[in-house]
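Examination of the molecular architecture
The residues making up each chain are set out below.
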Amino acid sequence: QVHLVESGGGLVQPGGSLRLSCAASEDISRIDVMGWYRQAPGKQRDLVATITNGGRTNYADSVKGRFTVSRDNAENTVHLQMNSLKPDDAAVYLCNAYFRDTDGLEFDYWGQGTQVTVPS
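All values derive from a computational prediction rather than experimental measurement. (Residues numbered from 1 in each chain as written. Predicted model: local features only at pLDDT ≥ 70, side-chain atom pairs only at ≥ 80, totals over all residues. Heavy atoms only, no water.)

1. Some remarks on the packing of aromatic side chains
- Following the criterion strictly, the structure yields three aromatic pairs and no others.
- When the centroid spacing of 4.9 Å and the interplanar angle of 70° are considered together, the rings of Y37 and W110 count as edge-to-face. Of the two residues, Y37 is situated in strand β4 (residues 33-39) and W110 in strand β10 (residues 106-110); the sequence distance between them amounts to 73 residues.
- Note on Y37: relative accessible area 18%, which makes it buried.
- Taking relative accessible area as the criterion, W110 reaches 31% and is therefore assigned partly exposed.
- Ring centres 5.0 Å apart and planes at 10° place the aromatic pair F99 and F107 in the stacked group. In this structure, F99 and F107 share a single accessibility class: buried.
- The structure contains a cluster of three or more aromatic residues connected by ring pairs, namely F99, F107 and Y109.
- R45 extends its terminal NZ or CZ atom over the ring of W110, reaching a point 4.5 Å from the ring centre. (Phe/Tyr/Trp six-rings, centres within 6.5 Å; stacked < 30°, edge-to-face > 60°. Helix = DSSP H or I, 4+ residues; strand = E, 2+ residues; numbered from the N terminus. Buried < 20%, exposed > 50% of the residue type's maximum accessible area, 1.4 Å probe, protein only. Lys NZ or Arg CZ within 6 Å of the ring centre and 35° of its normal.)

Right, here's the structure in full:
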């Protein structure tokens, strides 16, 4: 029901920056939480950052102080500004939308992901 399309990935040297974007097909003001996750080869999918429809943010300890998540409700887009990138940040980054309807039924949607490469 909710389609998510990530963009902005690429190859950057350690210490560089990237800005990822996630465009949603629906009004993100109606989505409880928009989030960014990442998954490296052979590893589980981990939370990177989330932002609620009220603007509250949460970050993984590993990215705190380096990454910033923001939302543009008018454009139905969530961004992830990534600074001071490290090789450990290399992964496929996926956008997530989580919300409950008025009955409490939970919905969880994912984009296809965008590749971030940070060589050692």
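2. Brief notes about the sheet that holds strand β7 (residues 67-72)
- Reading across the sheet, the four strands line up as β1-β3-β8-β7 and stay open at both edges, with antiparallel pairing between neighbours. Looking at strand neighbours, the two that pair on one side only are β1 (4-7) and β7, the edges of this open sheet. On average, each strand axis in the sheet is inclined to that of its neighbour by 15°, with strand direction left out of account.
- Two elements, strand β3 (residues 18-24) and strand β8 (residues 77-82), share six bridges in a ladder whose sense is antiparallel. By the bridge assignment for β8, A23 is matched with T77. (Pairing = 2+ DSSP bridges. Axes fitted to C-alpha atoms, helices over the stretch in contact; angles between N-to-C directions.)

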